[in-house]
Amino acid sequence: MGSRSGHFLVAGVGVAMFLTASIPGRAFAQDGETIFNGTCKACHTIGGGRLVGPDLAGVSTRQSEAWLIAFIQHSQTVIASGDSDAVALAAEYPGISMPDWPLSDDQVRGVLAYIQQQESAGPAPVAAGAASLQPGDPVLGRNLFQGTTRFDNGGPACNSCHDVTHEDVIGGGILAKDLTTVFTRLGGPGVRAIVGSPPFPVMQRAFQSRPLTDQEVGALVAFLEQADAEQSLHQPLDYGLGLLVTGLGSAVILLGLYSLIWRRRRRGPVNRAVFDRQVRST
Amino acid sequence: MLNLFLFVGLPYMAFIVCTVGIVYRYRRKGFTVSSLSSQFLEGKELFWGSVPFHIGILVVFFGHLTTFLVPRATLAWNSIPVRLLILEVTAFTFGLTVLIGLAALMYRRFTTPRVRAVTTGMDIVLEGLLLAQVVFGLWIALGYRWGASWFASDLSPYLWSLVKLSPETTAVFALPWVIKAHIVGAFTIVLIIPFTRLIHFFVAPLNYIARPYQQVIWNWDRRAIRDPGTAWSPTQPRNN
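A quick note: this is a predicted structure, and the numbers were derived from the prediction, not measured.

S.K.: So what exactly am I meant to see when it comes to the overall build of chain A here?
M.R.: The helix and strand inventory of chain A stands at 13 helices and 0 strands. Ordered by position from the N terminus, the helices and strands of chain A form the series α-α-α-α-α-α-α-α-α-α-α-α-α. Here chain A holds 282 residues, and the buried ones make up 41% of them. Within chain A, contacts between residues separated by at least 24 positions form 64% of all contacts whose residues are at least 6 apart in sequence. Carbon and sulfur atoms make up 58% of the accessible area of chain A, which amounts to about 14,500 Å² in all.

Next comes the structure, spelled out in structure tokens:
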């Protein structure tokens, strides 16, 4: 790399630093209510009782602000540190871990202020999507889960990221949690709340501007309930192993094919024949 | 701050440095705009490296590009489970041939004295980076399946947000570190294009791929080379 090229690199680093510093906190330019509705509401109520996680009414009187900020930003780290309150909370909600939220201290304070404001306004209704809906169709739910029936608003099929033990669906994705036992872990209202209003950033982005309809939510919840209840009856294929073995086999076939297509290729240096002829001719 | 640098600053830096660097290198050092073929130095092992590597990486690259450009069409394709499996197995297979080819090329580079003699430091940096990139890619395909679908749902919007100069990074920040490393690796490769043999992507004229074969003809038979029928023979010349 020449010195001028080095200058380009240095200039580029400068530009990158400027761009990094000049990005306004787009994702964070929200007030407490907006953050609560987009991030917390799927799992928590304010005075509406326990959902996926605890009711947050009075949370500021139960814990200090510093503890709440730390826990909301890095719950698993706080639990791992052995904090007795955090460990007790984890034990009360087994199998459920709250994601780390990339919120600033001030944003968390905004959410806490909103919760306090709502407490004084009286109990809030249960989370959006958790309202009582007609029981869904598990067959429709199964088709929606693996994409053979598309979501009305064009969202990706659940099996892009989630797996479920069920012989009638292909092995799902493993980017996110296995949903086989989600009904046992979160309960019906919890599943309904999360499916209807996803609190996880990756899932939120995937369904941003492509929300599920009430009928779709109901169908998925019904399918997940059925899958949970019938899990011991299903022995689906191991799609991960299948992908590996098929890939390896196909790669070997492909290499054989290349060898066949280029069977007239030179098998040595271009000039070997020239040297050989010179040796022969002397 | 580190995440912002890696997923907002780095991509813009990479494309700016890459663009300016390519223009500079082409204008000032035009004769170095080449991949510097080493086929004359060693040809037998080259086949098992170069062919699987290049075909594989073209398929994998255009697969990523297609999902980036038309995410909805990709999701529609994946809505039939068999089609999703075909897509994933195909991508994984070609990814494996990239790994096999790259391993063969690296082995050849380090064990053939003639090739080692023309190896530069940036060649080694690039091959190391590519190796990490393809290992991470295969790891993601197996360990975080089905990438073809979640790329369309989460990474395509992220990349488009960069194109529109309005970065949306919340979802990317929440991804597992292997996927993040794969993304950062991709931007780093773009960044170093002008400083490495990767410049051969941009060899003009771009009909390089479709051009007629170059023929190296040894003027062995003096009578044969005077025969006008041999000069542009599309197959093995008669005088060689």
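S.K.: Explain a nonpolar patch on the surface to me, please; I cannot follow it from the model alone.
M.R.: All names here are of chain A. Residues Leu241, Leu244, Val245 and Leu248 make up a contiguous nonpolar surface patch of roughly 340 Å² in combined accessible area. Secondary-structure assignment places Leu248 in helix α12 (residues 239–261). Under the relative-accessibility criterion, Leu248 is labelled partly exposed at 44%.

S.K.: Quick question: what am I supposed to make of the environment of Ala157(A) here?
M.R.: All names here are of chain A. Among the secondary structure elements, Ala157 is positioned in the loop between α8 (138–146) and α9 (182–196). Note: C-alpha distance between Ala157 and Phe145 (12 residues apart in sequence) is 5.6 Å. Other than its neighbours up to four places away in sequence, Ala157 contacts Leu144, Phe145, Gln146, Gly147 and Phe151.

S.K.: Quick question: what am I supposed to make of unusual backbone geometry here?
M.R.: Excluding glycine, residues mostly carry a negative phi; peptide bonds, for their part, are mostly trans. Between Arg145(B) and Trp146(B) the backbone carries a cis peptide bond, its omega angle lying at -5°. Even without being a glycine, Ser209(A) presents a positive backbone phi close to 65°. Inspection of the secondary structure assignment puts Ser209(A) in the loop between α10 (201–206) and α11 (214–229). Phi is positive for Leu165(B), which is not a glycine, with a value near 60°. In this structure, Leu165(B) sits in the loop between α7 (147–163) and α8 (170–173).

S.K.: I'm lost on the packing of aromatic side chains in this one. Help?
M.R.: In this description, a pair of aromatic rings is defined by centroid distance and the angle of the planes. Evaluated as defined, the whole model comprises 14 aromatic pairs over all chains. Ring geometry for Phe36(A) and Tyr114(A): centres 5.5 Å apart, planes at 50°, overall tilted. Within this pair, whereas Phe36(A) is found in helix α2 (residues 32–40), its partner Tyr114(A) is found in helix α7 (residues 105–121), the two being separated by 78 residues in sequence. Classification of Phe36(A) as buried rests on a relative accessible area of 4%. Residue classification places Tyr114(A) among the buried residues on the basis of a relative accessible area of 10%. Taken together, a centroid distance of 6.2 Å and an interplanar angle of 55° make the contact between Phe7(B) and Phe173(B) tilted.

S.K.: How should I be thinking about the packing of helix α4 (residues 81–111) of chain B against helix α6 (residues 121–143) of chain B in this particular structure?
M.R.: Axes are the key here: two packed helices are described by the angle between their axes and the distance separating the axes. Residues and elements named next belong to chain B. Contact pair α4 / α6: the axes reach a minimum separation of 10 Å and the direction vectors enclose 155°. Relative to α6, the element α4 lies roughly antiparallel. As for the relative orientation of α4 and α6, their crossing is left-handed in sense. Between α4 and α6, the residues in contact are Phe92, Gly95, Leu96, Val98, Leu99, Leu102, Met106, Arg109 and Phe110 and Asp123, Ile124, Glu127, Gly128, Leu130, Leu131, Val134, Val135, Leu138, Ala141 and Leu142, respectively.

S.K.: Honestly, α7(A) in this entry has me stumped. Any pointers?
M.R.: Given 3.6 residues per helical turn, the α-helix brings residues three or four places apart onto the same face. If you check α7(A), its first and last C-alpha atoms are 25 Å apart, about what 17 residues at 1.5 Å a residue would give, namely 24 Å. Each element contacted by the buried residues of α7(A) is listed here: α2, α3 (59–62) and α4 (65–73) of chain A.

S.K.: Explanation requested: the side chain of Ser149(B) in the structure shown.
M.R.: Structurally, Ser149(B) can be placed in helix α7. Among residues more than four places away in sequence, those in contact with Ser149(B) are Ser160(A), Leu75(B), Asn78(B) and Leu84(B).

S.K.: So what exactly am I meant to see when it comes to the packing of helix α1 (residues 2–28) of chain B against α7(B) here?
M.R.: Residue and element names in this part refer to chain B. Put simply, α1 and α7 touch, their axes get as near as 11 Å, and they point 55° apart. In terms of axis orientation, α1 runs oblique to α7. Viewed along their axes, α1 and α7 form a crossing whose handedness is right-handed. Contacts between α1 and α7 pair Phe7, Pro11 and Tyr12 from the former with Tyr158, Ser161 and Leu162 from the latter. When grouped by side-chain class, the residues that make up the contact of α1 with α7 number 5 nonpolar, 1 polar and no charged.

S.K.: In this structure, what is going on with the domain arrangement of chain A? I would like to understand it.
M.R.: The assigned domain composition of chain A is domain 1 (2–119), domain 2 (138–231) and domain 3 (240–275). Taking only C-alpha atoms, the centre of domain 2 of chain A and the centre of domain 3 of chain A are 42 Å apart.

S.K.: Whenever I open this one, the interface of chain A and chain B confuses me. Can you help?
M.R.: Often, the extent of an interface is quoted as the loss of accessible area on bringing the components together. Residue-level contacts link 64 residues of chain A with 65 residues of chain B. In total, about 6,000 Å² of surface goes out of reach between chain A and chain B, with carbon and sulfur atoms giving 72% of it. The tally of links between chain A and chain B comes to 2 salt bridges. We note a salt bridge from Glu168(B) to Arg205(A), for which the minimum N-O separation is 2.9 Å. Inspection of the region where chain A meets chain B yields 6 residue pairs in polar contact (both at pLDDT 80 or more). For the side of chain A that touches chain B, the elements supplying multiple residues, two or more each, are α1 (3–22), α10, α12 and α13 (272–281) of chain A. In terms of residue count, α12(A) provides more of the side of chain A that touches chain B than any other element does, 13 residues in total. The residue makeup of the side of chain A that touches chain B, split by class, is 31 nonpolar, 22 polar and 11 charged.

S.K.: Could you clarify how one ought to interpret the pattern of salt bridges in this entry?
M.R.: Should the charged atoms of two oppositely charged side chains come close, the side chains can pair. In the structure shown here, the tally under the stated rule is 9 salt bridges over all chains. Among the ionic pairs, Arg145(B) bridges to Asp163(A), the shortest N-O distance being 3.6 Å. One end of the pair, Arg145(B), is in the loop between α6 and α7; the other, Asp163(A), is in the loop between α8 and α9, on a second chain. Among the residues examined, Arg145(B) registers a relative accessible area of 6% and is labelled buried. We note a salt bridge from Glu127(B) to Arg109(B), for which the minimum N-O separation is 3.0 Å. Residue Glu127(B) is located in helix α6, and its partner Arg109(B) is located in helix α4; the two are separated by 18 residues in the primary sequence. With respect to burial, Glu127(B) and Arg109(B) carry one shared label: buried.

What counts and how
- Per chain, residues are indexed from 1 in the order of the written sequence.
- Going through the entries in the order they are written, you letter the chains from A and number the ligands from 1.
- Reporting of local features is limited, given that this is a predicted model, to residues whose pLDDT is at least 70; pairs of side-chain atoms are given and counted only at 80 or more, and all residues count toward the totals for whole chains, interfaces and linings.
- Think of the side-chain values as coming from all heavy atoms in the structure, minus any hydrogens and water.
- A run of DSSP states H or I qualifies as a helix once it reaches four residues; a run of E qualifies as a strand once it reaches two. Both are numbered from the N-terminal end.
- Summary of the burial criterion: residues with accessible area below 20% of their type's maximum are buried, those above 50% are exposed, and those between are partly exposed, where the area comes from a 1.4 Å probe applied to protein chains only.
- The contact definition used throughout considers only heavy atoms, calling two residues in contact when any of these lie within 4.5 Å.
- Surface exposure here means Shrake-Rupley accessible area, sampled with a 1.4 Å probe, where a residue is shielded only by the protein chains that are shown.
- Only residues above 30% relative accessible area that lack a salt bridge enter a patch, with like-charged residues linked at up to 9 Å and the nonpolar side chains Val, Leu, Ile, Met, Phe, Trp and Tyr linked at up to 5 Å.
- Salt bridge, as used here: a side-chain nitrogen of Lys or Arg that lies within 4 Å of a carboxyl oxygen of Asp or Glu.
- Between the rings of Phe, Tyr and Trp (Trp by its six-membered ring), a pair exists once the centres lie within 6.5 Å; its type follows the angle of the planes, with under 30 degrees stacked, over 60 edge-to-face, and the other angles tilted.
- With axes taken as lines fitted to C-alpha atoms, and helix axes fitted only over the stretch in contact, angles between N-to-C directions fall between 0 and 180 degrees.
- Here the word oblique covers every angle except those under 35 degrees (roughly parallel), over 145 (roughly antiparallel) and from 65 to 115 (roughly perpendicular).
- Left-handed describes a crossing in which the near helix is turned anticlockwise from the far one by less than a right angle; the clockwise case is right-handed.
- By definition here, a helix of n residues has an expected span of 1.5 Å times n minus one.
- When residues are grouped by polarity, Ala, Val, Leu, Ile, Met, Phe, Trp, Tyr, Cys and Pro land in nonpolar, Asp, Glu, Lys and Arg in charged, and all others, Gly among them, in polar.
- These domain limits were set by an automatic method or by a database of domain assignments.
- The term buried area denotes the loss of accessible surface (1.4 Å probe radius) that occurs when two parts are joined, taken as the sum for both partners.
- Two N or O atoms form a polar contact when they lie within 3.5 Å of each other; inside protein one atom must be a possible hydrogen donor and the other a possible acceptor, and for residues adjacent in sequence the pair counts only when both atoms belong to side chains.

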